[in-house]
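Okay, here's what each chain looks like letter by letter:
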Amino acid sequence: MTGPDDTESPAEAPAIEIRGLKSQFGSRVIHENLDLTVQRGEILGVVGGSGSGKSVMLNSIIGLKRPDGGSVRVFGHDIHADPNRRWGAIERHWGVLFQQGALFSNLTVAENVEAPLVEHTHLSRRTIRELAEIRIALVGLPPEACDLKPSELSGGMRKRAGLARALALDPELLFLDEPTAGLDPIGAAAFDDLILELSRSLGLTVFMITHDLDTLYAITTRVAVLADKHVVAAAPVRDLESSTHPWIREYFLGPRGRAAAQKSRSQA
């Protein structure tokens with residue numbers, strides 16, 4: 001699959017390239033001179049304290065917020081330079097799983113997964129249904145889940161249904177916003193395994209906002225840390241253990257961080 005803009009050598013461009021990003025709301029500056037590159041095929045975890053702008057950065061990448069400065073490129077294309085001409089083509093190359101799943105409550109699981117296919121393709125209804133069923137099976141949901149409403153699903157099943165919808169258009173890039181939030185430890189570990197398996201089998205690049213230290217140790221290639229209005233570090237999680245930055249040390253070398261690190265080492 002090629003990227004959205006062949007004129008900018010998308011096959012050679014990073015999945016995401018942010019340069020000099022500035023984000024603000026009124027006089028409040030969230031990001032200042034933020035740089036971040038996400039390479040194709042990696043699973044990048046994004047962490048930061050409350051108010052550090054994790055969701056603002058995500059919204060800037062997927063076009064929900066226009067940057068107040070700097071640039072955001074996805075597969076080599078500046079998504080904010082010409083938002084109308086190529087927006088549909090760009091959007092088809094990524095999928096998003098928001099924290100609560102953001103499923104349409106009045107639709108069944110299958111209808112939720114079908115929605116992007118109906119909007120962005122001209123496939124027959126039968127083909128769309130078949131593709132939806134494949135995506136639902138891909139995320140580990142049973143066939144009978146197709147005809148259930150979100151209110152009839154457990155929290156873990158809703159996460160998987162949301163993931164199936166995010167994968168509906170066979171994206172190259174997957175955005176996850178706190179994917180294991182609200183799951184019990186067993187369910188969270190199973191979801192981590194699913195993301196890792198899908199990333200490897202489908203060749204996905206994953207951009208994941210998470211506070212789950214077990215997830216960071218289990219499946220990420222690198223972790224980007226937001227603090228002081230920009231990315232203060234982007235490295236494999238074990239490299240961050242030796243950082244001298246106060247927030248990073250508190251986060252990764254605190255009791256929970258040490259427990260997650262020990263668990264990861266014991267499972268290696």
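Up top is the structure.
To keep things clear, this report deals only with the structure shown in the data block. (Residues numbered from 1 in each chain as written. Predicted model: local features only at pLDDT ≥ 70, side-chain atom pairs only at ≥ 80, totals over all residues. Heavy atoms only, no water.)

## A word on the nonpolar core
Part 1 of the reasoning: Residues I136, L163, L174, L176 and V206 are the most contacted members of the largest nonpolar core, which totals 35 residues.
Part 2 of the reasoning: Element by element, the count of residues in this core is highest for helix α6 (residues 185-202), at six residues.
Part 3 of the reasoning: Not counting the four nearest positions on each side in its chain, L163 is found in contact with L97, V139, L174, L176, F191, L194, I195 and L198.
Part 4 of the reasoning: Counting 27 residues, the second-largest nonpolar core is a separate cluster that includes L44, I90, A224 and V231. (Core = buried A, V, L, I, M, F, W, Y, C linked by side-chain atoms within 4.5 Å. Buried < 20%, exposed > 50% of the residue type's maximum accessible area, 1.4 Å probe, protein only. Helix = DSSP H or I, 4+ residues; strand = E, 2+ residues; numbered from the N terminus. Contact = heavy atoms within 4.5 Å.)

## Considering helix α4 (residues 125-138)
Part 1 of the reasoning: With 14 residues, α4 should cover 20 Å at 1.5 Å per step; its first-to-last C-alpha distance of 20 Å lies within 8% of that length.
Part 2 of the reasoning: If you check which residues of α4 are buried, you get I128, A132, R135 and I136. Buried residues of α4, viewed axially, fall in a sector of 100°; they line one side. Exposed and oriented more than 90 degrees from the buried face of α4 are R126 and A137.
Part 3 of the reasoning: On its buried side, α4 packs onto α3 (109-120) and α5 (155-166). (Expected span 1.5 Å × (residues − 1). Arc of directions from axis to C-beta.)

## Looking at the sheet that holds strand β6 (residues 94-97)
Part 1 of the reasoning: Spatial strand order, β6-β7-β8-β3-β9-β10: six strands in an open sheet with mixed pairing. With one partner strand each, in any of the chains shown, β6 and β10 (230-235) form the two edges of the open sheet. Each strand axis lies, on average, 15° off the axis of its neighbour in the sheet, ignoring direction.
Part 2 of the reasoning: Where β6 lies against strand β7 (residues 173-177), four bridges are found, and the strand directions are parallel. Note on β7: the bridge partner recorded for G95 is L174.
Part 3 of the reasoning: Seen against the sheet, α5 touches β6 and β7 and runs at an angle of roughly 165° to β6. (Pairing = 2+ DSSP bridges. Axes fitted to C-alpha atoms, helices over the stretch in contact; angles between N-to-C directions.)

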